[in-house]
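Chain by chain, the residues run as shown.
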Amino acid sequence: MATRYKLLQDHINDYGFSVDKLASYEPVNMSLSVVIPYFNTGKIFQRTLYFLHQSILQYGSEVEVIVIDDGSKINPLNPAWLKNNERLILHEKNKGRTEARNTGIASATNDVIFFMDSDILVEASVIKQHAILHSKAKENNLKSIVISFFEFTNKYDERIDFLSLNASHLQLNDFRLDCIYDASWIGCEEDKAYIGQHLQLIKETNNLRDWRGQYKAWMLPNMVLGGAFSVVKSEIVAINGFDTRFTGYGFTETSAVTRMIAERNNVVIPSLKGGALHIEDEEINLPKSQKDEIFKDKHNFYFNIFLKEEIESKSDEDK
Amino acid sequence: MKFISIEGSSFVGKTTIVNDLGRMGFQTIPEYDAFGPFIQSDGTVETNKRIAQDFVYREQKRTEMLTKLSNQIVFADRSPLSLITFEDMQALEHPGEKKYRYETRKYIIELLHDNIVNGSIVLPNSLIIPRIDSQSSFLERVTKRGITPVQELSKFAVQQFITEKTIQYGCRILGNESVESVDVSNQSSSNVTDLIIAAAQEAKPSLQNKPITDLL
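Cut-offs applied
- Residues numbered from 1 in each chain as written.
- Chains lettered and ligands numbered in written order.
- Predicted model: local features only at pLDDT ≥ 70, side-chain atom pairs only at ≥ 80, totals over all residues.
- Helix = DSSP H or I, 4+ residues; strand = E, 2+ residues; numbered from the N terminus.
- Buried ≥ 20, exposed ≤ 12 C-beta atoms within 10 Å, placed from the backbone.
- Pairing = 2+ DSSP bridges.
- Axes fitted to C-alpha atoms, helices over the stretch in contact; angles between N-to-C directions.
- Contact = placed C-beta atoms within 7 Å.
- Nonpolar A, V, L, I, M, F, W, Y, C, P; charged D, E, K, R; others polar.

Novice: Help me out: how do you make sense of the environment of Leu 207 of chain B in this one?
Specialist: Residue and element names in this part refer to chain B. Locating Leu 207 in the fold gives a position in the segment after helix H8 (189-202). Taking the number of C-beta atoms within 10 Å as the measure of exposure, Leu 207 has 10 and is therefore exposed. Spatially, the C-alpha atoms of Leu 207 and Leu 195 are 24 Å apart, while their sequence positions differ by twelve residues.

Novice: Explain the sheet that holds strand E3 (residues 63-70) of chain A here, please?
Specialist: Consider a sheet: its strands pair through backbone hydrogen bonds, and that pairing is either parallel or antiparallel. All names here are of chain A. Overall, mixed pairing links the seven strands, which are arranged E4-E3-E2-E5-E13-E7-E14 in an open sheet. Edge positions in the sheet fall to strand E4 (87-91) and strand E14 (267-270), since each of these pairs with one other strand and no more. Direction aside, the axes of adjacent strands within the sheet are offset by 20 degrees on average. Two strands pair when backbone bridges link them, and strand E7 (residues 144-147) and E14 are joined in this way by four bridges, in the parallel orientation. Opposite Ser 144, over in E14, you have Val 267 as the bridge partner.

Novice: Is there a simple way to explain the interface of chain B and chain A in this structure?
Specialist: Frequently, the measure chosen for interface size is the accessible area removed from exposure when the parts meet. Taken together, the contact between chain B and chain A spans eleven residues of the former and 13 residues of the latter. Here the side of chain B that touches chain A takes five residues from H8 of chain B, the largest share from any one element. The residue inventory of the side of chain B that touches chain A, partitioned by class, reads four nonpolar, five polar and two charged.

Novice: Would you mind going over the pairing of strand E15 (residues 276-280) of chain A with me for this structure?
Specialist: Strand residues, when the strand is regular, have side chains that alternate between the two faces of the sheet. Residues and elements named next belong to chain A. By the criterion of burial, E15 is predominantly enclosed, with four of the five residues buried. Bridge analysis of strand E6 (residues 120-122) against E15 gives three bridges, and the strand direction is antiparallel. Residue pairing in the sheet places Ile 120 in a bridge with His 278 of E15. Alignment of strand E8 (residues 150-154) against E15, held across five bridges, turns out to be parallel. In the sheet register, Phe 150 faces E15, and the bridge partner there is Ala 276.

Coordinates in, geometry out; function isn't part of it.
Here is the structure:
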């Protein structure tokens, strides 16, 4: 028995290959399901689907797409937006993104689940890149969590209407790649020490391979943002999906991947090629000030309760 | 703005393509019949000219729709070239009417030219032309629309004639790089849309500004 915090401290994330040297690598037998929770997103979701379809087309293999309309009342999803072979699951009442994702997990039939949000426009190579990285990790007998990076933008961005989106169209402004630590990010007193520091978390940790325990203000699971990441289905099923104690904004994916890293030895791999546009629409999403408040509460719960829970690790089970 | 018209002959699925593009969140401009029923032709030049005026009025309405859109890409179902190729087709199918049809054709082109010059009509800057090279695929589509294939056998040649004319006119006015034609024979509708999108990526917005009177 050990706390999740201790297990995270002991976790070795060296996945054993260079993510930027896989240009000619082709994924082997990688079947993917895409799970997208939808709640009142509206017309932008047509573009989310459009760019996802472009990315699936570039991957070249069949990909299962499952959309969960989580009880939308203002802008319910129009089923005509989906292709014939894509599945729409309706929640009668809004249960939150955590439960919507769990519904998606229960319905997914493929080996890898790519979770994305309904306001994410993926660049054409994203799906294939995730397949490549999972396939490469599998070769090394590892279960992986693959993360993509974002350019955060708004609903007036002209690229939303582009015919295609490729890496050259994006200027990623994701804090995980490059940031100046912001005063509003403080989760606890100790974090104040980082305010104003220029950080390149992915680069500084050798593309996450050298990550040990806590790095600056973050634990490794904090590197997984909900907008676009993928996991091995059997691994997320093994931890019973997303923890409903984190329903709502903040730490929903962090808590799930914490368990996958700490309890199941999953490795986190950054997908450095391509990325996605993250469309922020305050008419649909929570305003930043409100998000910051919720984030502080969740931060407290995650670090002071969730990480301190004692659990059995995979190595305990193996014994 | 990339203003792309989906052009070509009947039965190739232009409206289905444009509807599919609308479903994908692209801005679209509907075909002419979306603005109400047409006047019936009695074969006289006067009526044909009235029909042409009605078409031009509808094209003005489509341009008004276009000017309200600020998107990067707008797809239109057909273009003013349809008005011209329609008269070519009528002249081909009814040789007796050839003289009158060419008179109407000239009238249409001059009317369009005046409207383009004063800005009431905007021509597309790219054309995507779906075409059906396979006769059996063409007949299958015709049958699906409930039309007897026997009657329509000869229409395959007409379809090819219209397609050729549209490509020819498009290249003359917009330039070769702005016109893409795509064989959609034996393709499912989702494949067709993917092919059209790929062609739209290829088509470059026209930089040349040749007057439509070049088609006289």
